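Observations on the model geometry
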Amino acid sequence: MQAIVFDSPGRLATREMPEPSLLHASDAIVDIQLAAIGGTDRHFIDDPHAGLTPGTIVGREAVGLVRETGRDVRNLSGGDRVVICPAIACGNCVYCRAGYHAQCNATDAGRQASGPALFGAPETLGGLPGLCAERARVPYAHTTLVRLPDEISNAEAVMLADIWSSAWFTAHLAEIRQGDTVAVFGCGPLGQATVACALLRGASRVFAVDRHEDRLARARALGAEVIHSGEESPVAVLRDLTDGIGVDRAIDAAGSDLSATAGSDTQQTACPDGSAEQPRQSVQLWAMDALAKAGTLALTGLWSGPGASVPIALAVARNLTIRAGFCHYRIYLPKVIELCLAGRIDVSAIPLHTEPMANAAEAYQQLDQHQRPWSKLAFQPAPTEQPAARTDTTSNTNTKADADAAAESAQLDDALEDSFPASDPPSIARPGDH
Ligand SMILES: [Zn+2]
């Protein structure tokens, strides 16, 4: 089968790879119809220290049709159209049962609590082959696959898989409540979606910080008040615009694309302590320093390299709350599917560019070197399987919603319900008992 693999730092290649097969009773094989490259993948591909093995199939966001299931997969059958959670989870362990799928004991086994097992990742993150391929093996398919309603297009499903589910999770993580003032640092696809989710959760003001005009323009279109971190100090501007109080919630959505938020040419002047910090540290210091007293800092996305410097003294002095983690896709992906169906999130606000899988090497270089104005890049194994146009689907969704307002209302209530699991369910106190 054809697949897109990591060739060398910053480079992809399209190659013939062995067909996947069922290895365990809870596996499924999925025929991929559309797969995308996200910020986490770009970190694995571009960072020579990320540890990705050359020849690894890349990609964590995909939609497709179930081709084959193991005997323990009882909720899916051949032909079902599914979106794949970017991280796998067993659904059985104490963490999965508490809603902490990103901390699944089964997929973390032997890796010393190093995070969830991801598709297309280095050995330290599970080492599973990725999803940019004609077919993929999906472990724990009963939990890792989410069946899609017909109204959601393939393009929408790919955007919901990681970006929108992570954004909705991050808005929960940041404890955003009605009336809050929020700052989102980093306006890549995740930051843009987080702006929309923060507003949906009732934030009255959302600031967006980045140093690229095109990203700031998209954030502004989504309702954010924008701050150009290449031209002004985000902390000073945020203080100034909030009567010196600061923001209630700060979110680090910079991900691996740190240069977009805190480039090396700005960090020394804009960093609160004036030191030559790494860009990631600059973003976190900004976020901490921009917070009002008793505010909340939310940290998500992939971390690597030298340890970041979160100023603990500042957190204590201001009674700040720091919350961190990976998205629990099994909880949040179905929620954003409901929000999309109800017309409450406009997935088309963040454009997706699709290329044939055969063009992967060239397309990735163009994306990486900012030669094209693409926010998000997806690949299609077969040109005949063109996903439905998003605009058509949105129209159909609205028509359906208009025709059944009561059902939509109930659906939205469910979707908006705070689904973040309790902070310390009693069962987690003794994970070794399970
Ligand atoms: Zn588990």
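Residues numbered from 1 in each chain as written. Predicted model: local features only at pLDDT ≥ 70, side-chain atom pairs only at ≥ 80, totals over all residues. Heavy atoms only, no water.

The following threshold applies: UniProt positions are given in the numbering used here, feature names are shortened, and annotations may be inferred rather than shown by experiment.
The name an unreviewed UniProt entry gives the chain is Alcohol dehydrogenase catalytic domain-containing protein, with Alcanivorax quisquiliarum as the organism. What the UniProt record of the chain gives under Cofactor (unreviewed entry) is the line "Zn(2+)".

Topic: the coordination of the zinc ion
Under the convention used in this document: A donor here means any N, O or S atom no more than 2.8 Å from the metal (3.2 Å for Na, K and Ca); water is not included, so a site may seem to lack partners. In this scheme the shape depends on donor count and angles: four donors with every angle between 85 and 135 degrees give tetrahedral, four or six donors with opposite pairs above 155 degrees and others between 65 and 115 give square planar or octahedral in turn, and any other case is irregular. Here's how the labels work: a residue is buried when its accessible area is under 20% of the maximum for its type, exposed when over 50%, partly exposed in between, all with a 1.4 Å probe on protein chains only.
At this site the zinc ion is bound by C90 (SG), C93 (SG), C96 (SG) and C104 (SG), with donor distances of 2.3 to 2.4 Å. Angles of 100 to 117 degrees at the metal separate the four donor atoms of the zinc ion, which places the site in the tetrahedral class. Between consecutive donor residues of the zinc ion, the sequence gaps follow C-x2-C-x2-C-x7-C. Overall, the relative accessible area of 4% leaves C90 in the buried class. Here C96 falls in the buried class, since its relative accessible area comes to 4%.

Concerning the sheet that holds strand 12 (residues 291-299)
Let me state the cut-off plainly: Strands are labelled as partners when DSSP assigns at least two bridges between them. Strands here are runs of E lasting at least two residues and helices are runs of H or I lasting at least four, both read from the DSSP assignment and numbered beginning at the N terminus. With axes taken as lines fitted to C-alpha atoms, and helix axes fitted only over the stretch in contact, angles between N-to-C directions fall between 0 and 180 degrees. Any two residues whose heavy atoms approach within 4.5 Å are treated as being in contact.
Overall, parallel pairing links the six strands, which are arranged 10-9-8-11-12-13 in an open sheet. A single partner strand is all that each edge strand has here, and the edge strands are strand 10 (225-228) and strand 13 (321-324). Between one strand axis and the next, the sheet turns through 20 degrees on average, direction left out of account. Examined bridge by bridge, strand 12 and strand 13 share four bridges and lie parallel to one another. Each residue of the ladder has a partner; that of L299, found in strand 13, is A324. Its contacts with the sheet put helix 5 (residues 154-173) on strand 11 (247-252), strand 12 and strand 13, and the angle it makes with strand 12 is roughly 150 degrees. Against the sheet, helix 7 (residues 213-221) contacts strand 9 (205-210) and strand 10, and its axis sits at roughly 165 degrees relative to strand 10.

Section: the nonpolar core
The criterion, for reference: The definition of a nonpolar core used throughout is a set of buried Ala, Val, Leu, Ile, Met, Phe, Trp, Tyr and Cys residues joined through side-chain atoms within 4.5 Å. Residue ranges for the domains trace back to a domain assignment, done automatically or taken from a database.
By size, the foremost hydrophobic cluster in this structure holds 96 residues, and its most contacted members are V58, I84, L145, L160, W164, I337 and I345. Among the elements that line this core, the one with the most residues is helix 5, at 13 residues. In this structure, this core is formed jointly by two domains, domain 1 (2-161 + 332-416) and domain 2 (168-324), each of which donates at least three residues. Discounting chain neighbours no more than four positions away, the residues touching V58 are I4, V5, F6, L12, I37, I45, L52, G120, G130, L131 and C132. Counting 21 residues, the second-largest nonpolar core is a separate cluster that includes V247, V283, A287 and M288.

Quick look at helix 5
An α-helical turn contains 3.6 residues, so a residue and the one three or four places further along point in the same direction. The following threshold applies: In this analysis, the expected span of each helix is defined as 1.5 Å times one less than the number of residues it contains. Values of bend correspond, residue by residue, to the angle between axes fitted over the seven residues ending at that residue and the seven starting there.
For helix 5, with 20 residues, the first-to-last C-alpha span of 27 Å sits near the 28 Å given by 1.5 Å per residue. Where helix 5 bends most, at L160, the angle is about 50 degrees. Most of helix 5 is tucked away, with 20 of its 20 residues classed as buried. E175 occupies a position one or two residues after helix 5 and carries a positive phi of about 60 degrees.

Thoughts on the side chain of S26
Mapping S26 onto the fold places it in the loop between strand 2 (11-16) and strand 3 (28-37). A relative accessible area of 13% means that S26 is categorised as buried. Leave out the neighbours within four places in its chain, and S26 touches D72, V73, V138, P139, Y140, A141 and H142.

Focus on the packing of aromatic side chains
Short version of the rule: When two rings of Phe, Tyr or Trp (its six-membered ring) have centres within 6.5 Å they constitute a pair, described as stacked for plane angles under 30 degrees, edge-to-face for angles over 60, and tilted for the intermediate range. A ring has a charge above it when a Lys NZ or an Arg CZ is no more than 6 Å from the ring centre and no more than 35 degrees off the ring normal.
Scanning the entire structure with this criterion turns up one aromatic pair. Taking the centre distance of 5.4 Å and the plane angle of 75 degrees together, the rings of F169 and Y332 count as edge-to-face. Taken together, the positions of F169 in helix 5 and Y332 in helix 12 (residues 329-341) put the pair 163 residues apart, joining distant regions of the chain. The exposure classification of F169 matches that of Y332, with both residues buried. Over the ring of W168 we find R201; its NZ or CZ atom is 5.9 Å from the centre of that ring.

What about the pattern of salt bridges?
Rule in force here: Salt bridges are defined as contacts in which a side-chain nitrogen from Lys or Arg sits within 4 Å of a carboxyl oxygen from Asp or Glu.
In the structure shown here, the tally under the stated rule is 14 salt bridges. Across the salt bridge formed by R60 and D162, the nearest N and O atoms sit 3.1 Å from each other. Here R60, found in the loop between helix 1 (39-46) and strand 4 (61-69), pairs with D162, found in helix 5; they are 102 residues apart in sequence, far enough to count as distant. Residues R60 and D162 agree in their burial class; the two are buried. Across the salt bridge formed by R318 and D289, the nearest N and O atoms sit 3.0 Å from each other. Of this pair, R318 sits in the loop between helix 11 (312-317) and strand 13 while D289 is found in helix 10 (residues 279-289), placing the two residues 29 residues apart along the sequence. Several salt bridges converge on common partners, so that one network encompasses E19, D31, R67 and R135.

Focus on the pairing of strand 2
Two faces make up the sheet, and in a regular strand the side chains alternate between them. Sheet topology note: the strand 1 (residues 2-8)/strand 2 ladder contains six bridges and is antiparallel. If you follow F6 over to strand 2, its bridge partner there is L12. Hairpin geometry of strand 1 and strand 2 is characterised by an intervening segment of two residues between the two adjacent antiparallel strands and by a positive phi of about 85 degrees at G10.

Observations regarding the layout of surface pockets
Worth spelling out the cut-off: As defined here, a cavity is a set of points on a 1 Å grid over the protein atoms alone where a 1.4 Å probe fits but cannot get out. A pocket is an open set with protein on both sides within 12 Å along at least five of seven lines, and residues line them when an atom is within 4 Å of a point. Grid points are joined across faces, edges and corners, and a volume is the space filled by probe spheres set on the points.
What the second largest pocket holds in volume is close to 210 Å³. If you go around the second largest pocket, you meet 15 residues; those closest to its centre are M1, P20, I57, P129 and R137.

Points about the pairing of strand 14 (residues 353-356)
How we decide: Throughout, right-handed denotes a crossover for which the path from the first strand over the helix to the second runs clockwise when the strands point away from the viewer.
Bridge count between strand 14 and strand 15 (residues 377-380): four bridges; the pairing is parallel. Looking across to strand 15, one finds that T354 is bridged to A378. Once you follow strand 14 into helix 13 (residues 360-368) and on to strand 15, the crossover reads as right-handed.

A short note on the packing of helix 1 against helix 13
Definition in use: Here is the rule for angles: anything less than 35 degrees is roughly parallel, anything more than 145 is roughly antiparallel, 65 through 115 is roughly perpendicular, and the remaining ranges are oblique. Throughout this entry, Asp, Glu, Lys and Arg are counted as charged residues, while Ala, Val, Leu, Ile, Met, Phe, Trp, Tyr, Cys and Pro are counted as nonpolar. The remaining residues, Gly among them, count as polar.
At a closest axis distance of 13 Å, the pairing of helix 1 and helix 13 adopts a crossing angle of 100 degrees. Comparing their axes, helix 13 and helix 1 come out roughly perpendicular. Residues R42, I45 and D46 of helix 1 pack against Y364, L367 and D368 of helix 13. Looking at the contact of helix 1 with helix 13, its residues break down into three nonpolar, no polar and three charged.

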